[in-house]
Amino acid sequence: MKPAPFDYHRPQSLAEALALLTELGDEARPLAGGQSLVPMMNMRLARPEHLVDLNDLAEFDFIRDADGAVEIGALVRHRAVERSDLLAATHPLLPAVARTIGHDAIRERGTVGGSLALADPSAQWPLLAVLLDARVDLASQTGRRSVRAADFFTGVFATAAAPDELIVAASFPKLAESEGWAYRSFTRRHGDFAVVAAVATVKLDDDGRIGRARLALCGVGDRPIQLDAVTDQFRGRMLDAAAFGRIAAAAVSPHDDAVASAALRRDLVEVLSAEVLRNAVQRATTRA
Amino acid sequence: MTGGVSSNGPLGKPLPRKEDFRFLTGTGSYLDDIEAPRALHAAFVRSPHAHARLHRIDLSRARTAPGVVAVVGGAEVNQWTLPLRMAPPIEGLHPIEVQTLPTDKVRFQGDPVVCVLAADRYLAEDAAELVEIDYEPLPAVASYAAALAPGAPLVDESLPSNLVSHQSFTTGDLARRFAEADRVVEVTFSQRRQTHLPIETRGCLAMWDEGRQHLTYHNPNQVPHPLRSTLAARLGLGESQVTVIVPDIGGGFGQKIALYREELTVAALARHLKRPVRWREDRLENLLSSSHAREDVARLRAAVTNAGTILALDLELEEDFGAYCFYPANYLARVVAMILTGAYKVKNYRFDVKVALTNKCGNGPMRAPMAITSWIIEGLMDKIARDLSLDPVEVRRRNMLRSSELPYVTATGQRLEDITPYQTMERGLDAIDYAGFRERQAEARAAGRHLGFGLCVVVESTTYGSAFYKAAGIPGSGHEAAWVKIEPSGAVNASVGLMASGQGYETAFSQVVAAAIGIDPAQVQLHIGNTDVAPYGMGSRGARGGTAGGNALHLAATEVKDKALAIAAQLLNLNSPDQLRIANGSVERLVGGDWVKTELTLAVIARTAYLDPLRLPAGMEPGLEAHRAYDPPPMTFSNAAHLCEVEVTLATGTVRILRYIIAEDCGTVLNEMIVEGQQHGATALGIAGALYEAIDYDSEGQLRNGTLADYLVPTACEIPSFEIIPMHTPNRQNPIGSKGMAEGGVMGAIGAIGNAVNDALEPLGVEATQQPFSPEYLRSLLRTQVAAGAVKAARRGEARPR
Amino acid sequence: MTKVPIRLAVNGEAHEFLAEPRKLLSDALREDLHLTGTHIGCEHGVCGACTVWIDGKPARSCLIFAVQMQGHEVTTIEAIAQDGRLSPLQQAMHEEHGLQCGFCTPGIVMSFEAWLRDRPEPNEGAVRDLLSGNLCRCTGYQNIVRAVLKAARQLRGETR
């Protein structure tokens with residue numbers, strides 16, 4: 001399982017990286033953590049003729065508090081998110097979820113930008129991005145633009161990024177002070193990609209009823225989905241996690257594949273949705 | 001309580017292993033670590049189709065690719081080698097012949113067709129992509145049922161059908177027993193296809209010495225001498241023209257026994273090109289085209305009384321063997337069916353075993369090939385209990401052999417003695433607090449949690465002796481051979497015809513030899529795996545190493561010690577060595593009831609034997625070495641009880657193991673720590689098959705889960721801790737008293753988990769009969785049951801059941 | 001097929017050799033530097049047998065190209081024992097029989113030596129969590145867990 005030959009490039013600046021991508025076109029792939037790309041190259045499922053190694057672009061290794069959101073540079077490793085004091089204080093949902101990505105050695109190398117660019121439908125970062133309506137910042141030789149998460153993920157391993165664009169950062173809106181959150185994934189083994197995963201946030205009214213709730217799921221289609229149609233039904237109601245789960249399960253149209261049947265995915269949506277709602281409410285109650 | 005040898009000696013002690021240093025520091029020597037300058041690297045071109053006729057094969061572009069030295073297919077290689085012919089004279093088993101590389105057609109996705117040799121593996125893979133092969137796809141059969149359906153395409157066109165083996169056996173009067181039974185209980189159990197998956201894949205390094213006309217062949221292989229014999233024969237070489245040197249092995253589990261076609265191709269190429277050639281199987285190849293295992297279905301009917309006593313058993317077993325037979329396809333019949341009755345008294349028994357070929361990777365024996373046996377018989381016990389509303393332990397008690405009933409000859413003629421299944425079961429039940437479990441289970445059910453208890457009593461067959469093979473009509477021997485040499489300095493070298501792949505032989509066998517001689521195990525050096533050095537033995541498989549090899553070493557070491565004492569007597573001017581022994585490397589003499597140390601050490605005796613032979617007793621040859629062979633009884637048995645508590649989460653179909661206890665009688669153990677390690681590893685492998693692992697082919701024979709991301713080997717978060725209760729009693733049938741072990745754990749886990757999950761699901765009227773018990777499978781059962789319940793309730797006009 | 005200069009700092013020593021950019025770090029260590037303690041089990045990042053440190057952090061060397069390592073420090077299993085003396089973790093693995101065939105062992109040692117540097121609390125759940133990134137087919141993991149917990153206790157000065 002040895003990769004096919006390629007020429008290796010190691011730009012020292014964003015400008016250089018973008019120039020390379022433009023010049024080399026379709027035959028070039030950017031390399032960040034490599035935890036997803038290199039296995040595919042070793043299996044010769046991916047065979048770029050040029051590899052553009054982004055790991056020297058230190059300017060994109062930052063985590064910043066930007067008022068209503070946190071900005072995370074594309075080259076930030078999952079491990080750094082997991083251990084970030086800033087995020088523990090301002091956006092604890094992100095480190096809690098980052099901790100569930102693969103295994104330690106994978107988290108030491110894998111990057112936030114890489115995960116968003118790959119758009120694996122079962123991965124954690126696309127799911128978080130969709131839940132929080134994150135903003136993905138892209139750069140190309142012609143300039144910069146931002147795309148909202150809902151528009152960014154277009155299918156399995158497919159995004160709205162053009163071949164000559166690089167993700168440089170993503171901005172994740174913060175939760176409100178008393179907003180509860182919870183993430184749960186179902187895997188066969190510890191560290192596997194999720195079969196189905198659910199993440200929820202909940203703001204409670206003064207009398208403990210559900211104010212604003214958000215639910216996002218992955219593993220029920222070709223990209224993560226927001227279920228506002230479900231969460232809207234629970235506004236103003238007391239917690240009924242079981243009902244929430246049932247309605248969420250009825251609202252999705254999962255697929256059959258070699259990993260899991262649609263029926264199992266639906267079962268898992270029911271269980272996980274109920275659980276994240278329950279846990280998010282509990283967190284909201286504690287924080288209130 | 002161990003017996004047979006001095007209990008003060010090192011035998012049995014949990015000594016940390018000698019082999020650890022190199023493994024811990026990364027200085028081991030596995031196949032890929034061996035340097036061979038100038039070696040060419042091989043890569044294989046494999047069929048993408050499950051079944052296809054081979055037409056034009058164009059190697060021209062590949063041959064001119066950078067760094068390529070040779071590209072060959074069956075057209076060349078088959079001329080340099082003989083095909084594999086397996087035709088043991090066994091009724092019901094079809095003879096088969098397999099070419100080294102296929103030229104007519106390919107039989108499974110991954111079948112090797114062409115071999116590319118280049119300066120490195122990267123270049124070889126590049127060139128492999130340039131090989132052009134015209135395949136004419138043929139219809140494929142990817143299941144047992146499809147393979148035996150009328151008009152099914154033939155996997156092996158030399159056979160009349162895809163039924164490659166069919167064996168049956170009857171003893172007793174089944175018709176009468178079934179007629180007089182109060183009840184007939186039926187169970188079905190099946191296992192999905194699995195694969196051995198050692199962390200080190202296969203490979204080899206072949207070096208041909210043109211001057212000496214000699215092949216030196218490095219291969220991680222569990223059976224060095226049988227391999228040498230086969231390799232020499234297939235290459236048309238004399239057996240003394242081949243040396244097999246086995247390096248450290250990174251796990252075997254039965255996958256590293258056969259001479260596979262890739263390895264033979266590499267050896268033939270090395271000889272033809274007169275250059276070293278090496279091959280490293282990569283993980284995708286290992287999953288796709290190495291060897292698979294299990295994928296069997298068993299249907300068992302039992303004639304029982306209302307008290308749960310078994311009158312007769314009728315077993316049907318079917319195995320999906322894959323496309324090629326690198327092992328005789330009747331293996332399943334030989335072992336599973338023959339030991340099915342386990343610890344129970346059953347004299348009326350019939351079995352019928354069928355094995356079919358399919359267009360999938362061929363099967364090979366995987367640690368505990370007979371594993372399904374335990375689930376079948378122990379699952380039957382639980383089913384009898386459920387059907388008759390009896391306690392499952394009580395059903396076992398009514399049918400199980402007690403020590404007073406041994407020796408007992410089973411329905412298939414196996415002689416059971418020195419086993420203690422009843423004792424291990426009772427002890428295990430006590431340890432897990434079975435009495436309190438039902439109460440805990442009831443409380444949990446009231447709270448909506450589904451706990452289950454599983455018991456599996458294992459009688460593990462190990463160490464087949466030559467008489468076993470003869471009775472089964474199979475050519476082959478069960479003996480093992482060893483030599484022990486005390487060198488002039490007093491250092492001790494020993495060898496045996498086995499090969500380690502993690503079992504700690506260097507330590508355990510040092511203990512055997514040291515115990516027999518009377519020295520520190522640290523003084524003994526074991527040399528194995530080199531066929532020029534080690535004596536001809538049958539190798540390591542079927543949990544035979546400890547018993548077959550241990551006893552051979554014990555006999556050789558004892559003989560050498562006896563000679564040393566005879567020399568000592570001579571040197572001490574004594575008439576006989578009867579009052580002498582060796583302890584801690586010195587000769588001691590019994591004086592007035594006490595052992596007194598003399599000035600004679602083993603080193604002095606050895607120096608005399610080699611360098612001063614005129615001082616030896618009259619007629620004694622110089623030197624101090626012995627070479628012995630040991631042929632064990634036809635079968636040897638160890639036994640265990642596996643007990644576990646699980647929780648099944650109905651909503652997701654997940655199973656969590658809460659507690660796992662193993663009470664085991666392995667006979668005299670060579671090293672307690674190593675034995676426990678084997679128990680952990682075997683049980684973990686059984687759990688893997690019971691809950692996680694399944695090779696997944698589609699109906700066209702395409703492998704759907706051929707990477708480690710989707711073939712689910714469990715991690716440390718899925719495997720629980722095991723509580724081990726040692727209950728070893730000696731085996732009086734061999735000098736050391738050992739029983740063999742290391743496969744029983746797989747058997748126990750499959751049965752214990754099988755029973756525990758079904759115990760948990762019992763109130764839902766659901767029976768799980770196919771392993772692995774994946775969430776997908778359990779949810780499908782539960783959904784159907786809930787739906788059926790809802791339909792029934794709706795018909796009755798009742799509220800929906802919860 | 002064009003080879004480029006590869007500059008690697010491994011176990012404190014600088015090396016330079018020619019290789020294709022596609023040469024994996026795992027292969028370069030084994031073949032060009034003859035450090036065969038790092039083993040190859042899958043080449044797709046799942047089994048963990050190839051674990052080394054890059055700048056002191058565990059990484060799967062089968063997912064890194066050797067050419068990427070210029071400017072970084074690579075540490076392999078060969079650097080753990082000092083002058084033939086086993087580290088506390090290696091010694092604990094030996095005492096607790098935490099290895100059988102040994103093929104996965106270097107990867108496990110590298111994963112845990114990094115973790116133990118921070119003198120963490122010996123917590124079985126945390127150990128199994130980290131260990132889940134290394135597949136073992138022989139031991140059933142139990143003795144490896146015991147060994148790591150033992151080493152963790154020793155490093156924190158707890159004698160039990």
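Residues numbered from 1 in each chain as written. Chains lettered and ligands numbered in written order. Predicted model: local features only at pLDDT ≥ 70, side-chain atom pairs only at ≥ 80, totals over all residues. Heavy atoms only, no water.

### Examining the overall build of chain C
Test applied: Counting from the N terminus, the helices are the DSSP runs of H or I reaching at least four residues and the strands are the DSSP runs of E reaching at least two. Here the globule rule reads 2.2 Å times residues to the power 0.38, and the radius of gyration is calculated from C-alpha atoms. Contacts: residue pairs with any heavy atoms within 4.5 Å of one another. Under the convention used here, a 1.4 Å probe and the Shrake-Rupley method define accessible areas, while residue burial counts only the protein chains that appear. Positive charges come from Lys and Arg, negative ones from Asp and Glu, while His and the chain ends are left out of the count. Charge positions are represented by NZ for Lys, CZ for Arg, CG for Asp and CD for Glu.
Secondary structure assignment for chain C yields 5 helices and 5 strands. At 16 Å, chain C has a C-alpha radius of gyration in line with the 15 Å of a compact globule built from 160 residues. For the C-alpha atoms alone, the extent of chain C along its principal axes is close to 55 × 30 × 25 Å. For chain C, long-range pairs separated by at least 24 residues make up 55% of all intrachain contacts whose partners lie at least 6 apart in sequence. As presented, chain C carries roughly 5,400 Å² of accessible surface, and 46% of it is formed by carbon and sulfur atoms. Taken together, the 17 basic and 19 acidic charged side chains of chain C have centroids lying 5 Å from each other.

### Thoughts on unusual backbone geometry
All names here are of chain B. Cis peptide bonds are those with omega within 30 degrees of zero, and the linkage from L406 to P407 qualifies with -5 degrees. With respect to the secondary-structure elements, P407 resides in the loop between α12 (392–399) and β18 (408–409). In this structure, the amide linkage connecting Q771 to the following residue, P772, adopts the cis form with an omega of 10 degrees. Within the fold, P772 resides in the loop between β31 (770–771) and α21 (775–796).

### Describing the domain arrangement of chain C
All names here are of chain C. What counts, and what does not: Those domain boundaries reflect an automatic or database domain assignment. By buried area we mean how much accessible surface two parts lose on assembly, using a 1.4 Å probe and totalling the loss over both. A carboxyl oxygen of Asp or Glu within 4 Å of a side-chain nitrogen of Lys or Arg is what we treat as a salt bridge. Two N or O atoms count as a polar contact when they lie within 3.5 Å, although within protein this holds only if one can serve as hydrogen donor and the other as acceptor, and sequence-adjacent residues are included solely when both atoms are side-chain atoms.
The domain architecture assigned to chain C consists of domain 1 (4–79) and domain 2 (88–155). Taken together, the contact between domain 1 and domain 2 spans 16 residues of the former and 14 residues of the latter. Between domain 1 and domain 2, a total of about 1,200 Å² is buried, with carbon and sulfur atoms accounting for 63% of that surface. Per-residue buried area on domain 1 facing domain 2 is highest for H39, W53 and I77; these three make up 43% of the total on that side. One can count 0 salt bridges joining domain 1 with domain 2. Our enumeration of links across domain 1 and domain 2 arrives at 6 residue pairs in polar contact (both at pLDDT 80 or more).

### Examining the confidence of the model for chain C
Stated formally: A score between 0 and 100, pLDDT records how confident the predictor is in each residue.
Mean pLDDT over chain C: 96, with 98% of residues reaching 70 or higher. For this predicted complex, the interface score ipTM comes out at 0.98, alongside a pTM of 0.97.

### Thoughts on α12 of chain B
Each α-helix winds once per 3.6 residues, and so residues spaced three or four apart point in a common direction. Residue and element names in this part refer to chain B. The line we're drawing: Only protein chains enter the calculation, and the probe is 1.4 Å; a residue is then buried if its accessible area is under 20% of its type maximum, exposed if over 50%, and partly exposed in between. Directions drawn from the helix axis to the C-beta atoms are what define this arc.
All buried positions along α12 are accounted for by P392, V393, V395, R396 and N399. Around the axis of α12, the buried residues are gathered within 160 degrees of arc, so they sit on the same side. Taken together, the buried residues of α12 touch β16 (310–320), α11 (372–388), α13 (421–431), α14 (434–446), β20 (450–462) and α20 (744–761). At the N-terminal end of α12, a side-chain oxygen is found 2.9 Å from the backbone nitrogen of V393, two or three residues along, and the residue is D391.

### Let's talk about the interface of chain B and chain C
Selection criterion: Residue polarity follows a fixed list, in which Ala, Val, Leu, Ile, Met, Phe, Trp, Tyr, Cys and Pro are nonpolar, Asp, Glu, Lys and Arg are charged, and the others, Gly among them, are polar.
Every contact between the two is made by 54 residues of chain B and, on the other side, 50 residues of chain C. Across the chain B/chain C interface, buried area totals approximately 4,300 Å², and carbon plus sulfur atoms make up 59% of it. For chain B, the biggest contributors to the area lost against chain C are L24, Y122 and I199 of chain B; these three give 20% of the whole. Connecting chain B to chain C are 4 salt bridges. Between R137 of chain C and E693 of chain B there is a salt bridge; the shortest N-O distance is 2.6 Å. For the pair chain B and chain C, the interface holds 26 residue pairs in polar contact (both at pLDDT 80 or more). Going through the elements one at a time, α1 (20–24), α4 (121–128), α9 (283–289) and α19 (672–691) of chain B are the ones with two or more residues in the side of chain B that touches chain C. In terms of residues, the side of chain B that touches chain C owes the most to one element, α19 of chain B, which gives 9 residues. Tallied by class, residues from the side of chain B that touches chain C come to 29 nonpolar, 15 polar and 10 charged.

### A short note on a negative patch on the surface
This is how it is decided: Candidates for patches are residues over 30% relative accessible area with no salt bridge; among them, like charges are joined within 9 Å and nonpolar side chains (Val, Leu, Ile, Met, Phe, Trp, Tyr) within 5 Å.
Taken together, D7, D26, E27 and E49 of chain A make up a surface patch of like negative charges. Following the sequence through the fold, D26 of chain A ends up in the loop between α1 (14–24) and β2 (28–31).

### Structural notes on the nonpolar core
Stated formally: Here the nonpolar core consists of buried residues drawn from Ala, Val, Leu, Ile, Met, Phe, Trp, Tyr and Cys, with membership extended through side-chain atoms lying within 4.5 Å.
Of all hydrophobic cores here, the largest spans 191 residues; its most connected members are L313, L380, Y660, I753 and L778 of chain B. Residue contributions to this core peak at 10 residues, all from α20 of chain B. Two domains share this core, each providing at least three of its residues, namely domain 1 (4–79) and domain 2 (88–155) of chain C. With residues near it in sequence (within four places) discarded, I753 of chain B still touches C644, I657, Y660, I687, A690, L691 and F773 of chain B. Counting 81 residues, the second largest nonpolar core, distinct from the first, contains F44, L215, A482 and L624 of chain B.

### Let's talk about the packing of aromatic side chains
Convention followed: Centres within 6.5 Å make a pair out of two Phe, Tyr or Trp rings, where for Trp the six-membered ring is used; the pair is then stacked when the planes are under 30 degrees apart, edge-to-face when over 60, and tilted otherwise.
Under the criterion given, the structure shown has 22 aromatic pairs over all chains. Plain terms: the ring middles of W125 of chain A and F172 of chain A are 5.3 Å apart, the flat faces sit at 50 degrees to each other, and that makes the pair tilted. Remark: F172 of chain A occurs in strand β10 (residues 166–173) and W125 of chain A occurs in helix α8 (residues 124–132); sequence separation between them is 47 residues. Assessed through its relative accessible area of 0%, W125 of chain A is described here as buried. Look at Y434 of chain B and F453 of chain B: their rings are 4.6 Å apart centre to centre, the planes differ by 45 degrees, and that puts the pair in the tilted class. With Y434 of chain B in helix α14 and F453 of chain B in strand β20, the pair connects residues that are 19 residues apart, well separated along the chain. One exposure class covers both Y434 of chain B and F453 of chain B, and it is buried.

### Overview of the interface of chain A and chain C
How big an interface is tends to be expressed through the accessible area that disappears when the partners come together. Every contact between the two is made by 27 residues of chain A and, on the other side, 27 residues of chain C. Counting the contacts that link chain A with chain C gives 2 salt bridges. Scanning the region where chain A abuts chain C turns up 11 residue pairs in polar contact (both at pLDDT 80 or more). Elements represented by at least two residues in the side of chain A that touches chain C include exactly α2 (37–42), β3 (50–53) and α6 (104–109) of chain A. For the side of chain A that touches chain C, the leading source of residues is α6 of chain A, giving 5 residues. Split by residue class, the side of chain A that touches chain C holds 14 nonpolar, 6 polar and 7 charged.

### Considering the sheet that holds β2 of chain A
Residue and element names in this part refer to chain A. Note the cut-off: Here a strand pair is declared whenever DSSP counts at least two bridges between the two strands. Axes here refer to lines fitted to C-alpha atoms; in helices the fit is confined to the stretch in contact. Angles between the N-to-C directions go from 0 to 180 degrees.
Taken together, 3 strands build an open sheet; the order of strands is β1-β3-β2 and the sheet is parallel. The strands lining the two open edges of the sheet, one partner per strand, are β1 (7–9) and β2. Adjacent strand axes in the sheet meet at a mean angle of 25 degrees when their direction is disregarded. One ladder, built from 3 bridges, connects β1 with β3; its direction is parallel. Directly across from Y8, in β3, lies its bridge partner L51. With respect to the sheet, α1 is in contact with β1, β2 and β3, its orientation differing from that of β3 by roughly 165 degrees.

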